[in-house]
Each structure stands twice: as C-alpha cells, then as structure tokens.
Amino acid sequence: ALRSAAPNSQQMAIVKADAYGHGLLPMARTAREAGAQWLGVALFSEALQLRAAGDAGPLLAWLAAPGDPWEEVLDAGIDVGVSSADQLERVASTGRRARLHLKLDTGLGRTGCPPDLWAQFVVRAKALQDAGGAEIVGLWSHFTVADDPRNPLNTVQIERFRAGVDEAAALGVAPEHLHLANSAATLTLPDAHFTMVRPGIAMYGISPGAGMGTPEELG
C-alpha cells in the first residue's frame, strides 16, 4: 500500500524504537522481503544490532549521542544523519570515509541545521567530501504536522526543503537522495515524496493521525 502511494520513490522502512515495539529484527527482515530498499533507525546501537544480525543493505541512523562509537558505525557501512558542524568534525576525526545525509531543519526544531547556517554547513561537508573523508549521500528533513494534510505548514516545509536543496546545489552538492516524507506525507502529500520516503507508523497498520482516516480507509 505504501509503495503504491509513492511509486516513484524508494522506500526507507523505519524500524526505530524496536520497530515501534514490534521487534527490530523480524520487522527489518519483513521490510526487506517486502521490497524496502532502505532501513532507518534513530540510534547508532539499533543500526549496529541490525548489522550484527546480518543485514547488509542500505541503512541510516540519525541520532548520535555523546560517546557513541562513530568509528564502529562507519566501519559497518552505516549511513549517518548529521545536523551540525560539530558532528562533521567528529566524522573528520575518525579518519574513516563516512556516508552522510545532511539534515536541514525546516520547522520541526528537532535536530537539523538551522536555515541561516545551512550554506556554511554544506560548504564544510563538501570540503570533507572533496578531501575524501565523506560521501554526501542525501539531504533530508522532518515534517512537523504532516498528519494534518491540510495544515499550511506542510507546504511551507516543502518549500523550505526545496530552497535548501537548491542552495546546496548552487554550492556544488547534489546528492542522489532527497527525503522528507514520513508515513502521513507518503500517503497524502505527493509533492513531498522526492527520491525516497520514510514510512514509519503506517508500516505497522496504524493510521498516522485521527484526521487522516482509519487503517481500513487508508488500505
């Protein structure tokens, strides 16, 4: 159902928080078998658990905590979401080549580079890439109220994300993947699909929001 809602975008199945309580490893296997090209988790520890269980496919982790083992994560081929210059310096300090997804804060205020620092952030990431210390794989952001499809903030965030993508392109950064859509946006906001969508709660048969309809109505 989610693939049919966004047929031209790759799918990143979100299995954070023990796959929303359903079991990280069985849900990750099921998602891969169902055609999800990517898996997404919040914590580095979750990503390492998936690698230890044998999952070798594209995998993004985006919530680094102080003391997290960046070297181990990068050695495992795990893509990392980064939001700040400090995180870029941490990547540089590892001596590893990192696969980065640069996050722009388009309005949620939960990690992400502020728009006024975006150009500076992109320039530093590109310098790291040019030096061989990184590959910029994606640009991304998070919605605030996509579970209310009629909320005008959704359009504002899509426009802010497009502006950030354009600004990065003008600075010489045009990665393969652009991703913004969560479950609600995957189902109702085709303008937000870009190259990849990140369904989470809907993947488990749960409606992303009361105003969007029941699980049965959403298919």
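Just above sits the structure.
Residues numbered from 1 in each chain as written. Predicted model: local features only at pLDDT ≥ 70, side-chain atom pairs only at ≥ 80, totals over all residues. Heavy atoms only, no water.

1. Some thoughts on the overall build of the chain
Within the chain one finds ten helices and eight strands. Projecting the C-alpha coordinates of the chain onto the three principal axes gives extents of approximately 50 × 40 × 30 Å. For the chain, the residues scored as buried account for 48% of the 219 residues in total. By sequence separation, contacts in the chain at least 24 residues apart represent 57% of the contacts at least 6 residues apart. Carbon and sulfur atoms make up 53% of the accessible area of the chain, which amounts to about 9700 Å² in all. Taking the average location of the 17 positive side-chain charges in the chain and that of its 24 negative ones, the two points are 3 Å from each other. (Helix = DSSP H or I, 4+ residues; strand = E, 2+ residues; numbered from the N terminus. Buried < 20%, exposed > 50% of the residue type's maximum accessible area, 1.4 Å probe, protein only. Contact = heavy atoms within 4.5 Å. Areas by Shrake-Rupley, 256 points an atom, 1.4 Å probe, with all protein chains shown as cover. Lys, Arg positive; Asp, Glu negative; His and termini not counted. Charge placed at Lys NZ, Arg CZ, Asp CG, Glu CD.)

2. Re the packing of aromatic side chains
Scanning all chains against the criterion turns up five aromatic pairs. Consider the rings of Phe-44 and Trp-70, whose centres lie 5.0 Å apart with planes at 80°: the pair is edge-to-face. Highlighted residues: Phe-44 in helix 4 (residues 44-52) and Trp-70 in helix 5 (residues 70-75), separated in sequence by 26 residues. Note on accessibility: Phe-44 and Trp-70 belong to one class, buried. Geometry around Trp-140 places Lys-103 over its ring, the cationic atom sitting 4.7 Å from the centre. (Phe/Tyr/Trp six-rings, centres within 6.5 Å; stacked < 30°, edge-to-face > 60°. Lys NZ or Arg CZ within 6 Å of the ring centre and 35° of its normal.)

3. Looking at the nonpolar core
The biggest cluster of nonpolar side chains holds 55 residues, and the ones touching the most others in it are Leu-100, Leu-102 and Trp-118. Ranked by the residues each element gives to this core, the list is headed by helix 7 (residues 118-130), at five residues. Not counting chain neighbours up to four residues away, the residues in contact with Leu-100 comprise Val-80, Val-82, Leu-88, Val-91, Leu-128, Ala-134, Glu-135, Ile-136, Val-137 and Gly-138. With nine residues, the next largest nonpolar core counts Met-12, Ile-14, Ala-42 and Trp-140 among its residues. (Core = buried A, V, L, I, M, F, W, Y, C linked by side-chain atoms within 4.5 Å.)

4. With respect to the pairing of strand 6 (residues 134-140)
Summarising burial for strand 6: six of the seven residues are buried, a large majority. Pairing geometry for strand 5 (residues 98-103) and strand 6, over six bridges, is parallel. Its bridge partner lying in strand 6, Leu-102 is registered against Leu-139. Following the chain from strand 5 across helix 7 to the adjacent parallel strand 6, one finds a crossover that is right-handed. Summarising the sheet, strand 6 and strand 7 (residues 177-179) pair through three bridges and their orientation is parallel. Residue pairing across strands places Leu-139 opposite Leu-178, the latter belonging to strand 7. Between the parallel elements strand 6 and strand 7, the chain passes through helix 8 (residues 152-170) in a crossover that is right-handed. (Pairing = 2+ DSSP bridges. Right-handed = clockwise from strand over helix to strand, strands pointing away.)

5. A short note on the pattern of salt bridges
What the rule picks out here adds up to nine salt bridges. The residue Arg-99 makes a salt bridge to Asp-79 at a minimum N-O spacing of 2.6 Å. Taken together, the positions of Arg-99 in strand 5 and Asp-79 in strand 4 (residues 79-82) put the pair 20 residues apart, joining distant regions of the chain. In this structure, Arg-124 and Glu-89 form a salt bridge, with 2.6 Å as the shortest nitrogen-oxygen distance. Placement of the pair is Arg-124 in helix 7 and Glu-89 in helix 6 (residues 85-94), with a sequence separation of 35 residues. Under the relative-accessibility criterion, Glu-89 is labelled partly exposed at 37%. Connected via shared salt-bridge partners are Asp-79, Arg-97, Arg-99 and Glu-135. (Salt bridge = Lys/Arg side-chain N within 4 Å of Asp/Glu carboxyl O.)

6. Some thoughts on the pairing of strand 5
With five of six residues buried, strand 5 is to be regarded as a mostly interior element. The pairing of strand 4 with strand 5 spans three bridges and is classified as parallel. Note on strand 5: the bridge partner recorded for Val-82 is Leu-102. Between the parallel pair strand 4 and strand 5, the chain is carried across by helix 6, and the sense of this crossover is right-handed.

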